[in-house]
Amino acid sequence: MSADGRYGLSIIAFIGSVFSPYYAWARRRGIADPLDHCALNVGLYGPGVRRWTMTERGRRHVSAATDHFAIGPSALQWDGRTLTIAIDEIGTPLPRRVRGTVRVTPQAITDHVVTLNPEGHHRWWPIAPLASVEVALSEPDLCWSGPGYLDMNQGDAPLADGFRSWHWSRAPTPDGAAVLYGGTRRDGSTFDLGWRFDADGQASAIQPGPTAPLPKSGWRIARETRSDRGRPAALVETLEDTPFYARSVVRTSLGGESVTAMHESLSLDRFASPVVQAMLPFRMPRRS
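Presented here is an overview of the structure given in this document. Remember, it's a predicted structure, so these values are computed and weren't measured experimentally.

Looking at the side chain of His 37
When you line up the elements, His 37 lands in the loop between α1 (21–28) and β2 (38–45). Given the relative accessible area of 4%, His 37 is considered buried. Discounting residues that sit within four places of it in the chain, His 37 has contacts with Phe 14, Ile 15, Gly 16, Ser 17, Ser 20, Tyr 22, Tyr 23, Ala 26, Glu 56, Arg 57 and Arg 286.

As for empty space enclosed by the protein
Evaluation of the coordinates by the stated rule reveals one cavity of 30 Å³ or more. What the largest cavity holds in volume is close to 40 Å³. Lining the largest cavity, in full, are Ser 169, Arg 170, Ala 171, Ala 178, Leu 180, Thr 225, Thr 252, Leu 254 and Ala 261. Of all the secondary structure elements, the ones that give two or more residues to the lining of the largest cavity are β13 (163–173), β14 (176–185) and β20 (245–254). Its residues assigned to classes, the lining of the largest cavity comprises five nonpolar, three polar and one charged.

Observations regarding the nonpolar core
Ranked by internal contacts, the top residues of the largest apolar core, which has 27 residues, are Phe 19, Trp 124, Tyr 181 and Phe 244. Contributions of two or more residues to this core are made by α2 (159–162), β13, β14, β15 (190–198) and α3 (268–271). Not counting residues within four places of it along the chain, the set of residues in contact with Trp 124 comprises His 112, Val 113, Val 114, Leu 116, Tyr 149, Asp 151, Met 152, Asn 153, Trp 168, Val 179, Tyr 181 and Trp 195.

Regarding unusual backbone geometry
Of note, the amide linkage connecting Thr 92 to Pro 93 takes the cis form, showing an omega dihedral of -5°. Tracing the chain through its elements places Pro 93 in the loop between β8 (83–90) and β9 (97–106). In this chain, Glu 139 is followed by Pro 140 through a cis amide linkage whose omega measures -5°. Here Pro 140 is to be found in the loop between β11 (122–139) and β12 (142–155). Its identity is not glycine, yet Arg 220 carries a phi of approximately 65°, on the positive side. Its location among the elements puts Arg 220 in the loop between β17 (211–214) and β18 (223–226). By relative accessible area, Arg 220 is classed as exposed at 54%.

Details of the environment of Ile 87
Mapped onto the secondary structure, Ile 87 falls in strand β8. Taking the C-alpha atoms as reference points, Ile 87 and Gly 100, 13 residues apart in sequence, are found 5.3 Å from one another. Among all residues touching Ile 87, those that are not within four sequence positions of it are Ile 11, Leu 40, Val 42, Ser 74, Val 98, Arg 99, Gly 100 and Val 102.

Some thoughts on the pattern of salt bridges
Tallied over the entire structure, the rule returns twelve salt bridges. Put simply, Arg 286 and Asp 36 hold a salt bridge, and the shortest N to O gap is 3.3 Å. Here Arg 286 is found in strand β22 (residues 286–287), whereas its partner Asp 36 is found in the loop between α1 and β2, with 250 residues between them in sequence. A relative accessible area of 22% places Arg 286 in the partly exposed class. Note that Asp 269 and Arg 186 form a salt bridge whose closest N and O atoms lie 2.7 Å from each other. Linking Asp 269 in helix α3 with Arg 186 in the loop between β14 and β15, this pair joins segments that are 83 residues apart in sequence.

Here we look at the side chain of Thr 173
Relative to the helices and strands, Thr 173 resides in strand β13. At 3.3 Å, the side chain of Thr 173 and the backbone nitrogen of Ala 177 are in polar contact. Not counting chain neighbours up to four residues away, the residues in contact with Thr 173 comprise Ala 178, Arg 196, Glu 257 and Val 259.

What about the environment of Ile 11?
Among the structural elements, Ile 11 can be located in strand β1 (residues 8–15). Taking the relative accessible area as the measure of exposure, Ile 11 reaches 25% and is therefore partly exposed. Residues Ile 11 and Lys 216, spaced 205 residues apart in sequence, show a C-alpha to C-alpha distance of 24 Å. Not counting residues within four places of it along the chain, the set of residues in contact with Ile 11 comprises Leu 40, Asn 41, Ile 85, Ile 87 and Val 102.

Thoughts on a nonpolar patch on the surface
A contiguous nonpolar surface patch, about 290 Å² in accessible area, is contributed by Trp 219, Val 275 and Met 279. By the secondary structure assignment, Trp 219 is in the loop between β17 and β18. Judged by its relative accessible area of 40%, Trp 219 is partly exposed.

Criteria and cut-off values
- Residues numbered from 1 in each chain as written.
- Predicted model: local features only at pLDDT ≥ 70, side-chain atom pairs only at ≥ 80, totals over all residues.
- Heavy atoms only, no water.
- Helix = DSSP H or I, 4+ residues; strand = E, 2+ residues; numbered from the N terminus.
- Buried < 20%, exposed > 50% of the residue type's maximum accessible area, 1.4 Å probe, protein only.
- Contact = heavy atoms within 4.5 Å.
- 1 Å grid on protein atoms, 1.4 Å probe; cavity = no way out; pocket = protein on both sides within 12 Å on 5 of 7 lines; lining within 4 Å.
- Points joined across faces, edges and corners; volume = space filled by probe spheres on them.
- Nonpolar A, V, L, I, M, F, W, Y, C, P; charged D, E, K, R; others polar.
- Core = buried A, V, L, I, M, F, W, Y, C linked by side-chain atoms within 4.5 Å.
- Salt bridge = Lys/Arg side-chain N within 4 Å of Asp/Glu carboxyl O.
- Polar contact = N/O pair within 3.5 Å; in protein donor to acceptor, adjacent residues only side chain to side chain.
- Patch = residues over 30% accessible without salt bridge, like charges linked within 9 Å, V, L, I, M, F, W, Y side chains within 5 Å.
- Areas by Shrake-Rupley, 256 points an atom, 1.4 Å probe, with all protein chains shown as cover.

This is the structure:
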């Protein structure tokens, strides 16, 4: 989010795009190559600048190394201190370009890696719970700086095989950041995790307050978070509203502190629906 709260940005670089209908169709035919299903998803939010990009590209348009990842005309580069993301993408469904550079500089890097299911197929690493972000876009013409966050999900199996749904949120706190991560696995078991991260990236587990319901999204996706007892959570703004996913800004209370969090709710039951799978290519075109 920008320091003044007017603009927001989410960037996800995919190797083996977990939400790709093309990757799902390829897996049904046999073993699929994840490097043949890569994408740079950009969600840009704010007055007059909203954009969404998620063009999937095949292996011959992809280059991956330990410090560099290129997806078509866009690329990510790590120099040991800063992750530089060069964006050159066309949005959907309106073909509006997003072009420019985003620099993410971690305040600290944590070694806190979490396994999300008993089989160990899905792992989550909040690489930099605290980071500074500099945004310099030429299309649209927009520059800002503000606080940010960098993480990674890694898996050895399709998400929909392991989970039914989850809710995640990250909020800056006066002395660091807090992350909540909870959901329902495919076998019906649940997980409910919470941590605080200090300025050095050290993690400490927390026990957040009771479940705090939030209004369902326009596509009727259930949303919830946690908040201190007697302190209800509030939906501030819905940034992304899709048939299986909602990204929102919420206000809640953790440990007696009022915080504003970036929040996501994901329904993998909805994602696996044949109707939703048929809709996805309209938001996720492929350049093979």
